[in-house]
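If you want the building blocks of each chain, they are given just below.
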Amino acid sequence: MTPEEREQVPDEGGDPACWLARVCPECGLVADVDPPTVCQRCGTRLETGDQG
Ligand SMILES: [Zn+2]
């Protein structure tokens, strides 16, 4: 896998909020699954943000 392929971003067209929560605040990587999860690149915890 090339570095370019690892930098892919999801196609636009849907509701941005659907995937916005998946974006890592530390490195910008988009997670493969909805939060809560852990960034596969840097290990930062991704929360849903709906709580509180
Ligand atoms: Zn990250």
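Residues numbered from 1 in each chain as written. Predicted model: local features only at pLDDT ≥ 70, side-chain atom pairs only at ≥ 80, totals over all residues. Heavy atoms only, no water.

- An unreviewed UniProt entry lists the protein chain under the name Ribosomal protein S27AE, with Amycolatopsis thermophila given as the organism.

## Remarks on the coordination of the zinc ion
- At this site the zinc ion is bound by Cys-24 (SG), Cys-27 (SG), Cys-39 (SG) and Cys-42 (SG), with donor distances of 2.3 Å.
- What the four donor atoms of the zinc ion show is an angle range of 104 to 120 degrees at the metal, which sorts the shape as tetrahedral.
- For the zinc ion, the donor residues sit on a single chain with the sequence spacing C-x2-C-x11-C-x2-C.
- For Cys-24, a relative accessible area of 3% gives the class buried.
- For Cys-27, a relative accessible area of 28% puts it in the partly exposed group. (Donors = N, O, S within 2.8 Å, 3.2 Å for Na, K, Ca; no water. Tetrahedral: all angles 85-135°; square planar, octahedral: opposite > 155°, others 65-115°. Buried < 20%, exposed > 50% of the residue type's maximum accessible area, 1.4 Å probe, protein only.)

## So, the environment of Cys-24
- Structurally, Cys-24 can be placed in the loop between helix 2 (16–20) and strand 1 (37–38).
- When the C-alpha atoms of Cys-24 and Arg-41 are compared, they prove to be 9.0 Å apart, with 17 residues separating the residues in sequence.
- Cys-24 has contacts with Leu-29, Cys-39, Cys-42, Thr-44 and Leu-46, leaving out every residue within four places of it along the chain. (Helix = DSSP H or I, 4+ residues; strand = E, 2+ residues; numbered from the N terminus. Contact = heavy atoms within 4.5 Å.)

## As for the environment of Arg-45
- Within the secondary structure, Arg-45 is located in strand 2 (residues 45–46).
- Residues in contact with Arg-45, not counting those within four places in the same chain, are Pro-36, Thr-37 and Val-38.
- A distance of 3.3 Å separates the side chain of Arg-45 from the side chain of Glu-47, its partner in a polar contact. (Polar contact = N/O pair within 3.5 Å; in protein donor to acceptor, adjacent residues only side chain to side chain.)

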